[in-house]
Amino acid sequence: MESILFYLFAVLMLGSAVMTVTSRSAVAAAVWLVFCFVNAAGVFALLSAPFLAILQILIYAGAIMVLFLFVIMMLQGPVLPDERERRPWSRIAVLVLPPASAAVILIAWLARGGVTAFSGAQPAVRGTAEAVAELLLNRYLLAFELISVVLLVAIVGAMALGRRKEELPWK
Amino acid sequence: MESITGLLTKIFGDGMSPMALLISGGLTMALIMSLVMAMCAIVFTWMERKVAGFLQSRYGPMRVGGFHGVLQPVADMLKILGKEDIIPDEADKALFMLSPFVIFIGSLMAWAAIPFAPGFIASNLDLGLFYIFAVSSAAPAGILMAGWASNNKWALYGAARGAAQMVSYEIPLALAAIPVVMATGSLNMNAIVDAQGGGVLNWYIVHDPFLFLAFCLYFIASIAEVNRGPFDMPETESELVAGYHTEYTGMRFAFFFLAEYANLFLVSCIATAVFLGGWHPIAGPVFLPGLVFLIKAVILVFLQMLVRWTLPRLRVDQLMHTCWKVMVPLTLLCVLGSGIWMMVSGELL
């Protein structure tokens, strides 16, 4: 059952990832990317990391992709023209790069011991809310808080840079 | 799901494999939840029109079905089923056809973790509350898809407003539930309801003043989250025709409508389970738990309708101001305050 679901999610995830990069319309690409994230969440859930799976849906499929869609729609995301004629090298790249990267992954996989390395391996940490909280708020508390401060500085900086000079009309 | 799988074992004997039991139990629960959503739309449209009529000193629907027009929604449903399915020529057809179902599925998935009665919950997830907020965050994407795919400027404006509003109000909505999670020490919906047993004084709404404030903030944010008045910016009929579903007709429009009323009931169910003791009655032992739960949730739905037909609509900038500069700081105050309350009262482990 679990392996059936794993292959289902994996195939859907890879398929929608391929559709993301091959779509000519930016909006269609963004929607395929949402689907890809949802399937990634399914894989996380099967890897006994439910917290990560839900975060994946909440943050990536929910918040970040909505912002992406916003920007694409407001800026009238272009439908890309067919550029195969203008860039003849791209055809060769398409023929060479995927097999080359597949070969690299295969070599890395065999070097780590092939099938035997992963069979029957139990996850070291169960990805429940408690386990994640234990790591984030006890062991790595300082790093976690520092990252929050860095993100806060980034948000304040973005607001300061994006602010209009004149007062807003309704104030 | 336990009650459903138990029932299935009783009917079909012990011969079913666990996987078959899981799949058939899951499908049964999904069917029940879809029916609940359909019933929401049917019952609440009638109720909404009656409440609106009452507040505007008129009767509302009176003719279909004898007593106070109770069969009006059935007549409306038959009419909408017979409508032509129009897809605009210039629309992005795939996205246009897909988006009602994205919104519907986001709503249906959230019902999986609502505890209606002891044992009657589709999936007793450890992270139930978190899961509900996560899957309902798919709705803004569906609204944006609908508005953009329609290729209509009113629809696009409505979608942009709707998505911005829902993304913003998700934050106070989730933050307002956090004090309850702190008090329970769990995100499991059953655990949250179980912790409120034994009379009205154990409900989280009266647990401490900060939780009462959190409930009020949750209620306001939930009205905005389901895009209803006074926060119905996405479909302001006086300026945007009908917002993001301007171009939709027939069954596709019905799916938006279904999701809207189902979400209205969903946020009330979450409030019932999280703040109002779930299936626990005001006093005495647990009796007819499902009915108690339903009564509380329907009262909240009624309150939301009263608010919708009483207050005038906000402006877009007022809406965003309310969310980011009033409600988010207040919910953060609730989190901090109930943390301090728990520390002082010695509840903290």
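As shown above, the structure is provided for reference.
Anyway, here's the lowdown on the structure attached to this text. Keep in mind the model is a prediction, meaning the values are calculated, not measured. By convention here, each chain's residues receive numbers from 1 onward along its written sequence. By the order in which they are written, chains take letters starting at A while ligands take numbers starting at 1. The predicted nature of this model means local features are confined to residues of pLDDT at least 70 and side-chain atom pairs, given and counted, to a pLDDT of 80 or more, with totals for whole chains, interfaces and linings taken over all residues. Remark: hydrogens and water are excluded; side-chain values derive from all non-hydrogen atoms of the structure.

This part takes up the overall build of chain A. Here a strand is any run of E in DSSP of at least two residues, a helix any run of H or I of at least four, and the numbering for each starts at the N terminus. Summing up its helical and strand segments, chain A has 6 helices and 0 strands in all. Helices and strands appear in chain A in the N-to-C order α-α-α-α-α-α. Sorting the 171 residues of chain A into buried and exposed places 21% on the buried side. Taking all contacts inside chain A whose residues are at least 6 apart in sequence as the whole, residues at least 24 apart take part in 59%. Partly exposed describes any residue whose relative accessible area lies between the buried limit of under 20% and the exposed limit of over 50%, with all areas from a 1.4 Å probe on protein chains only and scaled to the type maximum. The contact definition used throughout considers only heavy atoms, calling two residues in contact when any of these lie within 4.5 Å.

This part takes up the nonpolar core. We call a set of buried residues a nonpolar core when its members are Ala, Val, Leu, Ile, Met, Phe, Trp, Tyr or Cys and they connect through side-chain atoms within 4.5 Å of each other. Residues Trp111, Ile114, Leu129, Tyr218 and Phe275 of chain B are the most contacted members of the largest nonpolar core, which totals 118 residues. With residues up to four places along the chain from it excluded, the contact list for Tyr218 of chain B reads Phe133, Leu173, Ala176, Val267, Ile270, Ala271 and Phe275 of chain B.

Residues and elements named next belong to chain B. The interhelical angle for the contact between helix H7 (residues 153-184) and helix H9 (residues 209-225), taken along N-to-C directions, is 155 degrees, at an axis separation of 8 Å. When the axis of H7 is compared with that of H9, the two are roughly antiparallel. H7 and H9 meet at a crossing whose hand is left-handed. Along the contact surface, H7 presents Gln165, Met166, Tyr169, Glu170, Pro172, Leu173, Ala176, Pro179 and Val180, while H9 presents Leu211, Ala214, Tyr218, Ala221, Ser222, Ala224 and Glu225. Gly counts as polar in this scheme, as do all residues outside two lists: the nonpolar Ala, Val, Leu, Ile, Met, Phe, Trp, Tyr, Cys and Pro, and the charged Asp, Glu, Lys and Arg. Of the residues assigned to the contact of H7 with H9, the class counts are 12 nonpolar, 2 polar and 2 charged. Angular values range over 0 to 180 degrees, each being the angle between N-to-C directions of two axes fitted as lines to C-alpha atoms, with helices fitted over their stretch in contact. Orientation is classified from the angle alone, with under 35 degrees giving roughly parallel, over 145 giving roughly antiparallel, 65 to 115 giving roughly perpendicular, and any other angle giving oblique. Put simply, a crossing is left-handed when the front helix is turned counterclockwise from the back one by less than a right angle, and right-handed when it is turned clockwise.

All right, on to the pattern of salt bridges then. Residue and element names in this part refer to chain B. Between Lys or Arg on one side and Asp or Glu on the other, a salt bridge is scored when a side-chain nitrogen of the former is within 4 Å of a carboxyl oxygen of the latter. In total, this model carries 5 salt bridges over all chains according to the counting rule given. With a shortest N-O distance of 3.9 Å, Arg228 and Glu260 are connected by a salt bridge. With Arg228 in the loop between H9 and helix H10 (237-240) and Glu260 in helix H11 (residues 250-274), this pair connects stretches of sequence that are 32 residues apart. Given the relative accessible area of 13%, Glu260 is considered buried. Across the pair Asp317 and Arg315 runs a salt bridge, and its minimum N-O distance is 2.9 Å. Residue classification places Arg315 among the partly exposed positions, given a relative accessible area of 45%. Here the salt bridges share partners, and the residues they tie into one network are Glu48, Arg228, Glu260 and Arg308.

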